[in-house]
Structure formats: structure tokens, C-alpha cells
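Here is how the chains run, residue by residue.
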Number of protein chains: 4
Amino acid sequence: MLKVAIVGGTGYTGVELLRILALHPQAEVVYITSRSEEGVRVADMYPSLREHYPALTFSNPDARELGVCDVVFFATPHGVAHSLAAEILATGCRIIDLSADFRLQDVALWEQWYDQQHGAPELVDEAIYGLPEVNRKDIAEARLLAVPGCYPTSVQLGFLPLAEQGLLNGQNLVASCVSGVSGAGRGVKLGSLFCESTESVKAYGVQGHRHLPEIRQGLTRAAGQPLELTFVPHLVPMLRGIHATLYTEEVDLGIDVQALYEQRFADEPFVDVMPAGSFPETRSVKGANMCRIAVHRPENGNRVVILSVIDNLVKGASGQAVQNMNIMFGFPEEAGLQTLALMP
Amino acid sequence: MLKVAIVGGTGYTGVELLRILALHPQAEVVYITSRSEEGVRVADMYPSLREHYPALTFSNPDARELGVCDVVFFATPHGVAHSLAAEILATGCRIIDLSADFRLQDVALWEQWYDQQHGAPELVDEAIYGLPEVNRKDIAEARLLAVPGCYPTSVQLGFLPLAEQGLLNGQNLVASCVSGVSGAGRGVKLGSLFCESTESVKAYGVQGHRHLPEIRQGLTRAAGQPLELTFVPHLVPMLRGIHATLYTEEVDLGIDVQALYEQRFADEPFVDVMPAGSFPETRSVKGANMCRIAVHRPENGNRVVILSVIDNLVKGASGQAVQNMNIMFGFPEEAGLQTLALMP
Amino acid sequence: MLKVAIVGGTGYTGVELLRILALHPQAEVVYITSRSEEGVRVADMYPSLREHYPALTFSNPDARELGVCDVVFFATPHGVAHSLAAEILATGCRIIDLSADFRLQDVALWEQWYDQQHGAPELVDEAIYGLPEVNRKDIAEARLLAVPGCYPTSVQLGFLPLAEQGLLNGQNLVASCVSGVSGAGRGVKLGSLFCESTESVKAYGVQGHRHLPEIRQGLTRAAGQPLELTFVPHLVPMLRGIHATLYTEEVDLGIDVQALYEQRFADEPFVDVMPAGSFPETRSVKGANMCRIAVHRPENGNRVVILSVIDNLVKGASGQAVQNMNIMFGFPEEAGLQTLALMP
Amino acid sequence: MLKVAIVGGTGYTGVELLRILALHPQAEVVYITSRSEEGVRVADMYPSLREHYPALTFSNPDARELGVCDVVFFATPHGVAHSLAAEILATGCRIIDLSADFRLQDVALWEQWYDQQHGAPELVDEAIYGLPEVNRKDIAEARLLAVPGCYPTSVQLGFLPLAEQGLLNGQNLVASCVSGVSGAGRGVKLGSLFCESTESVKAYGVQGHRHLPEIRQGLTRAAGQPLELTFVPHLVPMLRGIHATLYTEEVDLGIDVQALYEQRFADEPFVDVMPAGSFPETRSVKGANMCRIAVHRPENGNRVVILSVIDNLVKGASGQAVQNMNIMFGFPEEAGLQTLALMP
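Everything numeric in this text was worked out from a predicted model, so none of it was measured.

## Digging into the overall build of chain A
Logical step 1: Along the backbone of chain A there are 11 helices and 13 strands.
Logical step 2: For 344 residues, the compact-globule formula gives about 20 Å, and the C-alpha radius of gyration of chain A, at 20 Å, lands near that figure.
Logical step 3: With respect to the principal axes defined by its C-alpha atoms, chain A has extents near 60 × 45 × 40 Å.
Logical step 4: Classification of the 344 residues of chain A by burial places 67% in the buried group.
Logical step 5: Here the contacts in chain A between residues at least 6 apart in sequence split such that 72% fall between residues at least 24 apart.

This is the structure in C-alpha cells:
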């Protein structure tokens, strides 16, 4: 059994890793850290895990203990992986980082958007961006893996086939996305209160959200040329789920877009191109490591509209992290990830 | 007191008219119809109205009874107002139609989108489109008034200042909108069940929604030239509210968009241009006859992004209907419409 | 116009007072305090109030400023009213306290349940408990009024007719109640997060909730003998509303309980005894100052089951506070309180 | 692999069976029926199942096809299993009935509560009530198994240890329960609409719910004497979950109730007695086959209050059905049932 450690296990991506790994046939969580909850049993914090983790207890992070594991997941705020990564890698342990610390390949860009100094610029070059549908081979070799953000996963997968075919060449892509409240994390903030977020919708980050440079980096790589987009995230009153509605500029009407998408993702276990005319619902992926995509052409104009849904905590975070782990360690890619969505 | 009748009073726009008119100082609901609920007391169907309508009872529609009133509201599926309007107008009674029957000025277009023959083409010319922020003067004289749809209200008000200034001239406007479930009405449909719509988001009508030609008609009138847009509505798990996120093409950076919007709506009692940088929440208009708008310029590109929120049942339907009634009968425009949003 | 001050205006009962008083024909909020939000405009904190309070700004509490008003509402945590009440009363200003500071007439009991010293024991004797359905006459004369808690309002009104008739004499009453999340206030606590409270139900305070001694005090007074009950509150995923399900022991089957309730509340503007067989829904009072009650006799056994619903922020707090104000100042009892529930 | 058929697979218990059985290592759904959806692919009706059931299609029920299977699950309205059971049993196929058809051992009582003639009285004697915590041995031998109702599962498990010890002997038990909306099924009814059930709570069935005689039958059997209770179910705005709050009469204070419960369920894989002082949340069992129970003694009085939570679609229906299947066919009782709850 692979020995797994989780740094920062008290947040929603941490508990989601615990949920997924509890049933993984080849991996086992043996160590979990939290400074604030040191000594607390996981089972007491998350009663849903009582049967599977009767004894696991939060510890203060200790690099030696981490180094004994085969892989360390970081489910931490940004900056933490920066400070611990080098020491852990030196022990031969591999890292899967769910934070934003190693997602951007341009250090200056990272510093601009995260408003602080980059803590490990020397590691950026070897960090692999973990979107398996794009760079599965690099992932297999990765020592330091950066799990994509939730919005970037849904938006990149949605635009990918058009971008790779050179069909997106303008400056006017639009990604209008909505997310459930778990995307804001387990931090205790006014805006995350039930009474402040239920029965309401609001946009945020219109001036520029931290996921924007990550999306641009991925699309530009796929297209082989700079692409620009306007990205507006919104908060909607549900627990889990991202719905990305993607608008292209005019696209050559001669293309069979449906066939293009079906072929592009035909062998992908975790991308589902739905039949023409479908409207994917976020609940169809609730709790599941899956991205469902539908492609539409509105009756007026020559745009393509792509609808792309994921569970932000699964394909948008912890599920994708385990998918990367499976690739990195040569396990079947679906191991531990076959759970079906809860519907209703 | 103005004598008011409501045809089709069992749906959500019907009960919302009852809620608003209960406290109106110059109008009184004296007659309400429903074929399916004939003989049922309004108070038994809607316990929230028990104190204010102890005796009002649903009747079968009767043109003579309707004709005795000063004004008839239609809160019916499309087609009903077509069949009754001429007879009612002949009695001197005025009509405020919340259905789509008289919203489009092009009869052929109506028949194409509603997939049936237009039932009263001879009345189309005199029907007035009831968006007070655009044609308050015509409304004052109207005998037959068409209340705008919910999405068209939020989208038109959001684009209006730019359209009127000739700043929208492309074919690439995008309106990405979300609506609460009450927009689907009180009809008993699978997709409107709690278990089919909560904890999920989905798009619909991407191929072409019936509100699209209405929005195009309004924007084209405002701009003085044909405008095209891609309109994608989504269903989100809340009761009330529409959040319209509007994306322009490149707009001349020399314009002070915030000032343009503030000036345009300075005298409008039911449009609130929020301070620069604001993110209007739909709950801030829940139950209130108000459209709140914020204008943004993303850091990258030259687009303008406009955020526009309404309560689909109030400014998007019954509140706007009463606002039109106030204008038509010379009452203060705010009469009966001062209720503040419930927040939380 | 009555000059009103609100101390502690940033919480949910504070904003609800602002919402209700905005449309009150005889009262006006002229002063509002908050230490943490000093200098912030009410309109910026609560966009729903933008139209009605364009200039009102939070101040640091100042006893002289408060003394210039006719009445001060306390919408504060417990202990605050204790410390300011004497000074304010000395100026001739009257006090309506929404906190628990003056609800219990037994100082020792208060100290036991609130785990701190009582800060104003000398004022307890003159404090009037503001349940108008019980002691309207005393309220009219009150200088210092204690607004009942939310659960105590729904439970006391539900048991009242039976208690007053001496029909409750056992030790086995049960009050099984559920509340929306707004009952937990606007404080930033983990358990009040959307992701911690939606899609879930849990009980709390089974060992003993602070509202228990208040309920016992009221029922004992009504019955003229000590009554005991088991009270279990639960949190359910909605914004507003309390549903109290009350179980008596065996009650003499000879009584027409429905008639008893109808007669007891016949003249009460804010208690609605629904027809026999009804199931009051909390949404039927959402935003309204109303308690709806239905009485049931299960087919087996001789118990009576009473269902009692209120909006915890209105009849359970701020609406009842204004109702008390109306009585204290000789206004019509319904002034400012006629708003109908939002349904849907 | 066990060949499984599902009759009536379009409802929520049907799709939940599909979800659970998709990952069962020893069973496979090979046949599913629905009259209304004949010819429709399961994957098209429930997109969440697309990966696991690409080809399975609804058929008209055919007794011969059913007879080829090893076990038939009925996920149908009551009456259907009555009409098909004998014919299916005759083929040697075993039956697990999720409907109420065979839950009551008293035919006359069944006919009284279900208001129709019993369709298979000759089978009642051999039908086994499938609550594994009570009669696991009988279940192993069952040909015809009746899966308990959702409320009866949570209420019986909650009272069981006290009932079996003879500690409940009065007529005054109370079960005050709340359920998520999925308990009402997938039928298209006004009361199940999102807009009719969200942001509200209501009681129902106070005069007598069909689950009442089932609960009484089970508690009477456990106690060895007739027990009576008042049972009030409520609807709350969430998808899944039942929270049962159970109130006893006075119970001998000498008993260590916590220890009693822990011992009674020590070997049960799907009942979790939480630590003293706990408040089980329904979300802690969302999607999981688990009943979590906590026992409380309020500070006043000698009652015991038991809190018992399940997912109504899992331990309250389809999960318990699979648990019974595992016992009937000698599989490990946890096979296919280890999925952890989604939290958040």
C-alpha cells in the first residue's frame, strides 16, 4: 500500500481526499497535519469518516514524518507548499500540491497575482501541471505535481478541442462560470455564511480572478498562440459544482464540433461528451471525478457555446489529485475514483 | 379605489399581484379568475394572504364581470389574452398583460417563436411595451399594455445606456443569465421538482429562448440599428431572482461608463446604479421592485461587463405590472411598490 | 415622528428593524450604533436598504445621543442592555430590548443560565415581558420592555389556550422545534457556514437551551402552576422560520380544542388560528409579523398536537419589538406591520 | 455474478439501487422495468449513470424475464408487488420489496391503512421484515423480503435498546421526525415543487401516517408488549435525510443508557452510536448506508431523548435493500455498501 500524507487536512479538499482515499485499493492515508487541530481525531471533526478513520489524528507538520511517506498531498493555502517542498522532495517523497503554488510557470506572474514573493522559484521548472487530458506522460514522471484549479479545469477542458485545432484565434472568448459555495473553502468568512449566500447569486472577481492567468497559460499552450478571455465567476447557493458556460467568437460553420469533441475525449475516462443538444447538470457529477461537456451552436450567429460541469471538490481538486497520483505511481487511472454521483 | 381584476390568478405572478396590490393605497382586487380552482378561496390556496383576502374567491372568467373593472391583469399562459382582449377593451376597461401575447411587434416573428397562430394581430399596433425606463409617456396613454419578460427586463436595462449612445455596434454581445426556479412557474413539471433542481445548475434554451427576439427588438430600438446577441439562460437553486451578466465587445476606453449609467438612471425610482466596483446580489432585490446594476471593466481587454439583478416576479413581472398601472392611471409611480427586499 | 435609536444595528435583528421601520408611518430611525462598523453607511452594509437609508451611518454608542431619542432598541448580545439601560431610562427615553437581558424575572436563574453576573438587577422588577397576547396593558405603560425570544414566542402562543384553561397539568410536555439558520445570528461561526448547514438537519441544546427557563416562566404564569417540558431545538437549512411542534399529555377529550383556540385569539391581529386539519408552513409567515397555529388530535391516544409557526426575525424578534413599540406609544398596533409574507 | 432485476426503476429508490449496485462486486443489474419509460436508456434518464450503464434500457415488465434473474427488487408504488410476487417466487427467484406491500403482518391492518384490498394475503406469513439489526437470521432464509420504510428504520433503531430491555412501558412515546423532500418520491406533485418546498417547513400526516402501524408493530415485537406513540413527520428543504427525535416517558435514572446503546449495536456495521453529548447531522450519512444515533438526558426530568439519523434513500430504502440481499445470498454484509457520506 502506498503511504500517503496530507498536509492541511482540515479544509474541504482535505476531507475530500480522505473520503476518496478511504476506498482506494492501493493507497492509505497514514499521516495528516493541521497546526490548529493538533491532537484532534479526524473522526471527531468529520463524523462521516468515523467508520474509516477511527484512529487517524491531526499532527503538527513534521518534515521527517512526511518524508517517510511515498507521497504528500498539500491541501493548504498558497505559500505553504513553497516553504516545505524542497525538504520533502529531498527525501525522495513525491508531492501533489492542490494549492496554487506551482500552477504558473512564470514566477513574476505568480508574484503579481498572489501579491507576495514566490517561495520556491527554483522548483517551478520541474513542477508538472496535472491536467491528465493534456500531459499524462509528463505526469507519470512528475516528482512535484501542481493540481489545476477548479475553474481552470472546467474552462480548459471545455475550450481544449477548439484551441488545439487552431479554431480560437480572437481576443473575445468569454467564460461565464458559477460555483457552489464550497469553492470558497472552510474558512470562517461572513460571505460564506448560510444567511449571506443562500437564496442569492452574485458575481465576484470581475476585475481579475487568480484563476485567469492559469486559464490563459493553459489555453495559450493548447492553441500555440496567445488567447485572451473575459472570465466572470459567480457564487450560487449550492454545495458543490461548477458550471462553465463558454462563448467563442465566430467559428467556421464547416466544422462538426460535436464530432471533434467526441473524438478528442474518446479515450478519456473522466471526460464525458454528452449527446448533441444536452444540458449537463452539475448534480450529474456531484461527488464524482467527472467532467461532462455539451456543445451547442445557437440558432443565430456563428458562435459555439460549450457547457462544462465538474464537482469543484473532485475533478476540480481532490479527485483530480488522486487521478494524478494513480498516473504517477502506475496504478489504474480509475482506482478509487469510480464512485457515482449522488442524484438526487 | 381602482377596481382591479386578475385573470389566471393561481400562478406565481398572480399571487404576487395579490401580495403587492393588498397594500396599494389606490387599487383593490375585486375579481379573480381561474377555471381549475373555481370556487376556491384565495386564502385557502395561499395562506400568506389570509389576513388580506378573507373572502376573495376564484371565478370562471366572465367578460361582463371583467368589463366592470377599471383594469384587467392577465397572468396567463400565452394565447389567453389574445382571445379575450378585444372584448374587454370594448367595454372601456384597460388591459395589463403579463404574458408574451403582445410583447413582439412583428406578428410573423411571434408566430415563429410561439409556434401557433397569433390570435389578435389587429391589436398589435396599439399594444405598448411596458418598460417605463424607455417609454413612460406611451405607457400613460396605453389601453393595452404588454409587460416585458423577466430576462428581457434585466438584459435591456443593463445594455440600455450603451445602446442608446451608439456604443454597441457589433454582433457579439453576450447575455449569460441565471434565474431562480420560480421563473418556471407553478406548473407541475418534473424539472421544477425540488429534488430535480436543488443543489444543481443547468443551462437551457441555448438554441434559442423565446425571450431572445424580445431582447433583440428592444436593443435594436434603443441602438437605432440591429444588434445581435447570444443569450444563455440557466436555472439555479433559489426561489426568486435573475442575475444577468452582460458582455460587450470592445468599447472605446475614453467613455466614463460609470457616469453614463448613473446619469441615464438618475431619475428612475426603480433602477439603482451601484457604486463602481460593486457586485449586486439578487437577494438585495428579493421581493422588491428594483433593478440594481453595476458596471465593470476587466483588467484585460476593452470589454464592459454589466451586472444587472432583479426579482423575476417583481421588477420582472408583477411589480413592473403595477408600476405600469400607476403610470397609466396617474398614481404616484411608487404607490404600493415601496416594500424593501428581505435580506437575509 | 417618533425618534428611534438602534443599538447594535449590524446583526440580523438590527437590519430587520431597519426594514420594518423604513415604512412605519409614525416612527423614524435617526441613530444607529455599532462599535465595529463606526463610520460605515447602512446602505453600504445592506444594499437592500439603499433607497430608504441613503445617509444613515453607524456611530459609536453615545448615551447622550441615545437619550435624545424617544425609544432605544437594543439588538445586542446579552449584557449590553444591562450596562446602558439605567442611564438611558434616566433621560426619559424608553427601552425595547431584543436581547435576553430582562426576560427572566428571577435574577439567580438568569445568572445560572447566562453564566455571568446580572448587570442590572435593580431594573428587573419594572421590566415588562413583551408578549402582547398576554400582557398588552402592562406593555402600554412599560419604560423597559423585554422582547420575548423566538422559540419562546412560538411555544408559548401554541400552549397558551390550554395552559390558561388548566388543561396542562403534567410534567411531560414536549416542544420539538426547528429553526432557520438566521436564528444563529450574523456572527461568523463555523456552524453557520453555508457548507456546514445546508442539506442537513441537526438538534442542539438538548441538555438545556437558554430559552427553556423563559418558556417555563411563561407557561407557569399562564397555568398558575409549575409546568415542565422537554424542549429540543433543531437547525434546518432555511433562512427564516420557526416551526414548533408541541405535544401535550392526555387531554380531556370533551374539550373542543379548535374552538378554544379560535376564541382565545379571535381579537389578536398577529395570531392566526388556521382551520381544523391545517398544516401551517413557515413560508406563510416569511417576512410577516404573524404566528399561525393549527391544532390536531392524532387518531391514537388523547394527546393534542399543536403546530405553531413564526418568522424568527419578525414575530420572533423585530416585528414583535415594533408591535410592542406601537402599544407603548399608542399607535395602531398594526402600524408598519402589514407586510405580507413572500410566498413563494 | 448475481443477476438482479429492478421493477419500477424510474423512481428515486430505483436509481439509488442502480447507483449502489453499479459498484457491487458480486451482483449486476441485468433487467429493469418501467411501463412509462419503455425503450428509454437508463443513461439518458440519469446522466449520473452514463459511465456504468451505457446500454441498460427500461423494458415493460415480463414475468418470464424476471424469473430468469436471481433476485427481483420492487421499487414500485404499493400494490404492484402484490400482483407479481407469487408468479416470480414460483420460478425460484427471490424478491426484495421496497414498497409497503409486505411490511405489515396483519392483513386487515394493511387494508385499513392503504385503503384497498390486500393483493396477496397468502404470502404475508412467509414475508420477512428486513431490519437486519433485529432478525438477521430470518433474513438469510427469506424468499420474500419486505424492506422497512424510511421513518420506521430510524425510529425503530432509535427506540430498540430501550424497548428490548423493557424500559418503555407507557403510552406516551413521541417520535418527531423530519425528512428531506426525496422521501416524497419522484412523482410530479405540486407540494414537491422547489418553489413549494424550499425555504419552508411543514408537518403532515399528524392524524395518522402509514408508517405508524409499521413502527408500532416493530416496537411492540421488541418490547413484548403493546407500545403506543405519537408520530409527527415534517418536510424540510433538503434532498436526503431523516432526523428522528425520540422522546420517552420517564426512564429509571439508574440505567447507563449510553452503555446500553453502545453494547446493543457494538457488532452492527451500519449503526453508529456516537459519543455521549453528540448531535448527529443528517449530512454525516448522506449517500451512506448508516444510522447514527446519540442518546441524551435533558437536565430537567427523567426522559431520554434519542437522536437518530439516516439517509432515507440508503439505510431507509435502497442501501438497506442491498444489505438484505447480501445477507440473503451469503455475501459479506458490507459488500457494495462502503461508500462514505458526502460532507460537505
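## Some thoughts on the packing of helix H6 (residues 132-141) of chain A against helix H11 (residues 314-328) of chain A
To describe two helices that pack against each other, one gives the angle between their axes and the distance between the axes.
All names here are of chain A.
Logical step 1: Their axes nearest at 9 Å, the elements H6 and H11 cross at an angle of 40°. With respect to H11, the axis of H6 lies oblique. By crossing handedness, the relation of H6 to H11 is classed as right-handed. Residues Pro132, Glu133, Arg136, Ile139 and Ala140 of H6 form the contact with H11, whose participating residues are Lys315, Gln320, Gln323, Asn324, Ile327 and Met328.
Logical step 2: Broken down by class, the residue content of the contact of H6 with H11 amounts to five nonpolar, three polar and three charged.

## Describing the interface of chain C and chain A
Logical step 1: Listed by partner, the interface residues are 19 residues for chain C and 19 residues for chain A.
Logical step 2: Taking both partners together, chain C and chain A bury about 1600 Å²; carbon and sulfur atoms supply 75% of that area.
Logical step 3: Counting across the chain C and chain A interface gives two salt bridges.
Logical step 4: Across the pair A:Arg186 and C:Glu196 runs a salt bridge whose closest N-O atoms are separated by 3.7 Å.
Logical step 5: Taken together, the connections running from chain C to chain A amount to four residue pairs in polar contact (both at pLDDT 80 or more).
Logical step 6: By residue number, the principal contributor to the side of chain C that touches chain A is helix H8 (residues 194-197) of chain C, which donates four residues.
Logical step 7: Broken down by class, the residue content of the side of chain C that touches chain A amounts to 10 nonpolar, five polar and four charged.

## Thoughts on the relation of the copies chain C and chain A
Logical step 1: With an RMSD of 0.0 Å, chain C superimposes on chain A once it is rotated by 180° and translated 0.0 Å along the axis. A rotation of that kind, with that shift, is consistent with a two-fold axis.

## Description of the pairing of strand E5 (residues 94-97) of chain C
All names here are of chain C.
Logical step 1: What you see with E5 is no split at all: Arg94 and Ile96 on one side and Ile95 and Asp97 on the other are buried throughout.
Logical step 2: Direction of pairing for strand E4 (residues 71-74) relative to E5: parallel, over a ladder of four bridges. Opposite Phe73, over in E5, you have Ile96 as the bridge partner.
Logical step 3: Viewed along the sheet, the connection from E4 through helix H4 (residues 80-90) into E5 turns out right-handed.
Logical step 4: Bridge analysis of E5 against strand E7 (residues 144-146) gives three bridges, and the strand direction is parallel.

## Quick look at the sheet that holds strand E5 (residues 128-129) of chain A
Residue and element names in this part refer to chain A.
Logical step 1: Sheet architecture is open: six strands sit in the order E2-E1-E3-E4-E6-E5, paired in parallel fashion. On the outer flanks of this sheet lie strand E2 (27-33) and E5, each paired with one strand and no other.
Logical step 2: Sheet topology note: the E5/strand E6 (residues 144-146) ladder contains two bridges and is parallel. In the strand pairing of E6, Ile128 is matched with Leu145.

Here is what the cut-offs are and how they apply
Residues numbered from 1 in each chain as written. Chains lettered and ligands numbered in written order. Predicted model: local features only at pLDDT ≥ 70, side-chain atom pairs only at ≥ 80, totals over all residues. Heavy atoms only, no water. Helix = DSSP H or I, 4+ residues; strand = E, 2+ residues; numbered from the N terminus. Rg over C-alpha atoms; globule rule 2.2 N^0.38 Å. Buried < 20%, exposed > 50% of the residue type's maximum accessible area, 1.4 Å probe, protein only. Contact = heavy atoms within 4.5 Å. Axes fitted to C-alpha atoms, helices over the stretch in contact; angles between N-to-C directions. Parallel < 35°, antiparallel > 145°, perpendicular 65-115°, else oblique. Left-handed = near helix turned anticlockwise from the far one by under 90°. Nonpolar A, V, L, I, M, F, W, Y, C, P; charged D, E, K, R; others polar. Buried area = accessible area lost by both parts, 1.4 Å probe. Salt bridge = Lys/Arg side-chain N within 4 Å of Asp/Glu carboxyl O. Polar contact = N/O pair within 3.5 Å; in protein donor to acceptor, adjacent residues only side chain to side chain. Least-squares fit on C-alpha atoms with pLDDT ≥ 70 in both. Pairing = 2+ DSSP bridges. Right-handed = clockwise from strand over helix to strand, strands pointing away.

The quantities given are spatial measurements derived from coordinates; they are silent on function.
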